[in-house]
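The primary structure of each chain is shown beneath.
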Amino acid sequence: EVQLVESGGGLVQPGGSLRLSCAASGFTFSNYAMSWVRQAPGKGLEWVSGINSAGGATTYAGSVAGRFTTFRDNAKSTLYLQMNRLKPEDTAVYYCAAKRRAIYYTSSNLYDYDYWGQGTQVTVSS
């Protein structure tokens, strides 16, 4: 059974940090480019970051570039999102998503991916 399970979300003050994890199982993780996609309350899906299957190349949305870092450990089949200098507008449900390709993928539509998780809530508030 294919699973992507996000964790690490929670409540954090503006300016704080969180690290999200996405544990993958049931497929060959190292064959898949991975993305983080988020959905803020009352808004549509927004692509956040992408990483290639080998982990050597990343790309970010302008709204998070310089504050967020995505990386992966293929030996552990786990994807990460390190979020620093968090802002209230980063409040959202964060999903990890997998696409079977080598190059990173930048779609915000979860249905364009092969697999995605259930999401983890991140709330940035004082």
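Note that this is a predicted model, so its numbers are computed, not measured.

Colleague: Quick question: what am I supposed to make of the side chain of serine 53 here?
Modeller: Turning to its location among the elements, serine 53 is positioned in the loop between strand S5 (45-51) and strand S6 (58-60). Note on serine 53: relative accessible area 10%, which makes it buried.

Colleague: Please clarify how the environment of glycine 50 should be interpreted in this entry.
Modeller: Along the polypeptide, glycine 50 turns up in strand S5. On the accessibility criterion, glycine 50 (0% relative accessible area) is buried. C-alpha separation for the pair glycine 50 and serine 17, spaced 33 residues apart in sequence, amounts to 19 Å. Ignoring anything within four residues of it in the chain, the contact list for glycine 50 reads Met34, Ser35, Ala57, Thr58, Thr59, Thr70, Tyr104 and Tyr105.

Colleague: Is there a simple way to explain the sheet that holds strand S7 (residues 68-73) in this structure?
Modeller: Picture the strands of a sheet paired through backbone hydrogen bonds; they go either parallel or antiparallel. Within the open sheet, the four strands sit side by side as S1-S3-S8-S7. Their pairing is antiparallel. Edge positions in the sheet fall to strand S1 (3-7) and S7, since each of these pairs with one other strand and no more. Each adjacent strand pair in this sheet contributes to an overall mean axis angle of 15°, direction not counted. Examined bridge by bridge, S7 and strand S8 (residues 78-83) share six bridges and lie antiparallel to one another. Paired with phenylalanine 68 across the strands is methionine 83, a residue of S8.

Colleague: Could you clarify how one ought to interpret the packing of aromatic side chains in this entry?
Modeller: The relative placement of two aromatic rings is captured by the distance of their centres and the angle of their planes. The tally for this structure, following the rule as stated, stands at seven aromatic pairs. Here the aromatic rings of phenylalanine 71 and tyrosine 80 are separated by 4.9 Å at their centres, their planes lie at 20°, and the arrangement is stacked. With relative accessibility at 29%, the residue phenylalanine 71 sits in the partly exposed group. The class of tyrosine 80 is buried, set by a relative accessible area of 15%. Centroid distance tyrosine 105 to tyrosine 113: 5.1 Å. Interplanar angle 85°. Geometry classified as edge-to-face. With respect to burial, tyrosine 105 and tyrosine 113 carry one shared label: buried. Counting every residue linked through ring pairs, the aromatic cluster contains Phe27, Phe29, Tyr32 and Tyr115.

Colleague: I would appreciate a short explanation of the state of the cysteines in the present structure.
Modeller: Each disulfide consists of a covalent bond between the sulfur atoms of two cysteine residues. According to the stated counting rule, one finds one disulfide in the structure shown. Two residues, cysteine 22 and cysteine 96, share a disulfide whose sulfurs are 2.0 Å apart. Between cysteine 22 and cysteine 96, the S-S dihedral sits near 60°, and the bridge is therefore right-handed. Residue cysteine 22 is located in strand S3 (residues 18-25), and its partner cysteine 96 is located in strand S9 (residues 92-99); the two are separated by 74 residues in the primary sequence.

Rules used throughout
- Residues numbered from 1 in each chain as written.
- Predicted model: local features only at pLDDT ≥ 70, side-chain atom pairs only at ≥ 80, totals over all residues.
- Heavy atoms only, no water.
- Helix = DSSP H or I, 4+ residues; strand = E, 2+ residues; numbered from the N terminus.
- Buried < 20%, exposed > 50% of the residue type's maximum accessible area, 1.4 Å probe, protein only.
- Contact = heavy atoms within 4.5 Å.
- Pairing = 2+ DSSP bridges.
- Axes fitted to C-alpha atoms, helices over the stretch in contact; angles between N-to-C directions.
- Phe/Tyr/Trp six-rings, centres within 6.5 Å; stacked < 30°, edge-to-face > 60°.
- Disulfide = S-S within 2.5 Å.

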